[in-house]
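As a plain string of letters, each chain reads:
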Amino acid sequence: MDDNEIVEKIQELTIQHRDLDMAIEALIESGKADVLQIQRLKKQKLHLRDRISHLESYLLPDIIA
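What this report covers is the structure whose coordinates are included nearby. (Residues numbered from 1 in each chain as written. Predicted model: local features only at pLDDT ≥ 70, side-chain atom pairs only at ≥ 80, totals over all residues. Heavy atoms only, no water.)

1. Quick word on the packing of helix α1 (residues 3-30) against helix α2 (residues 35-59)
Counted only if it meets this: The axes are straight lines fitted to the C-alpha atoms, using for helices just the contacting stretch, and the angles between their N-to-C directions are given from 0 to 180°. Helical segments are the DSSP runs of H or I of at least four residues, strand segments are the runs of E of at least two, and each set is numbered from the N terminus. For classification, angles of less than 35 degrees are called roughly parallel, those exceeding 145 degrees roughly antiparallel, those between 65 and 115 degrees roughly perpendicular, and all remaining angles oblique. In this scheme, a crossing is called left-handed if the near helix is turned counterclockwise away from the far one by less than a right angle; it is called right-handed if the turn is clockwise. All residues other than Ala, Val, Leu, Ile, Met, Phe, Trp, Tyr, Cys, Pro, Asp, Glu, Lys and Arg, Gly among them, are scored as polar; the first ten of these are nonpolar and the last four charged.
Packing of α1 against α2 brings their axes to within 9 Å, and their N-to-C directions diverge by 160 degrees. Classified by the interaxial angle, the pair formed by α1 and α2 is roughly antiparallel. For the element pair α1 and α2, the recorded crossing hand is left-handed. Across the contact of α1 with α2, the residue classes break down as 15 nonpolar, 5 polar and 8 charged.

As structure tokens, then:
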């Protein structure tokens, strides 16, 4: 995977992360949300955040201290 592909994947995952955040907020505001459903969405959101962080680490140069 080259840098451009990594950046595109990060952007895609960031959009999914934002969409999940908006969905969680909408469920909470509606008052009809199941606690388990919200927990599942939050877990998916965390998983996306981890994937984004992992991909971002490929873009950073290794620094030998």
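The discussion continues.
2. A word on α2
Stated precisely, the cut-off is as follows: Each helix should span, by expectation, one fewer than its residue count multiplied by 1.5 Å. Relative accessibility under 20% of the residue-type maximum defines a buried residue, over 50% an exposed one, and the middle range a partly exposed one, all with a 1.4 Å probe and only protein chains included. Contacts between residues were defined by any pair of non-hydrogen atoms, one from each residue, lying within 4.5 Å.
Across its 25 residues, α2 extends 37 Å between first and last C-alpha, which sits within 8% of the 36 Å expected from 1.5 Å per residue. Taken together, the buried positions of α2 are occupied by I38, L41, L48, I52 and L55. On its buried side, α2 packs onto α1.

3. Topic: the pattern of salt bridges
How we decide: A pairing counts as a salt bridge when a side-chain nitrogen of Lys or Arg comes within 4 Å of a carboxyl oxygen of Asp or Glu.
In total, this model carries 3 salt bridges according to the counting rule given. Across the salt bridge formed by E12 and K9, the nearest N and O atoms sit 3.4 Å from each other. Taken as a pair, E12 and K9 lie in helix α1 at a separation of 3 residues, close to a single helical turn. Residue classification places E12 among the partly exposed positions, given a relative accessible area of 38%. Look at K9 and you get partly exposed, because its relative accessible area is 25%. D21 is the partner of K45 in a salt bridge, and the nearest nitrogen-oxygen pair spans 2.8 Å. Of the two residues, K45 sits in helix α2 while D21 sits in helix α1, which places them 24 residues apart along the sequence.

4. Considering the nonpolar core
Spelled out, the test is: Grouping buried Ala, Val, Leu, Ile, Met, Phe, Trp, Tyr and Cys residues that are joined through side-chain atoms within 4.5 Å yields what is termed a nonpolar core.
With 11 residues, the main nonpolar core is built from I6, I10, L13, L20, I24, L27, I38, L41, L48, I52 and L55. Mapped by element, the contributors of at least two residues to this core are α1 and α2. Looking at which element gives the most residues to this core, the answer is α1, with 6 residues. With sequence-adjacent residues up to four places away left out, L48 is seen in contact with L13, Q16, H17 and L20.

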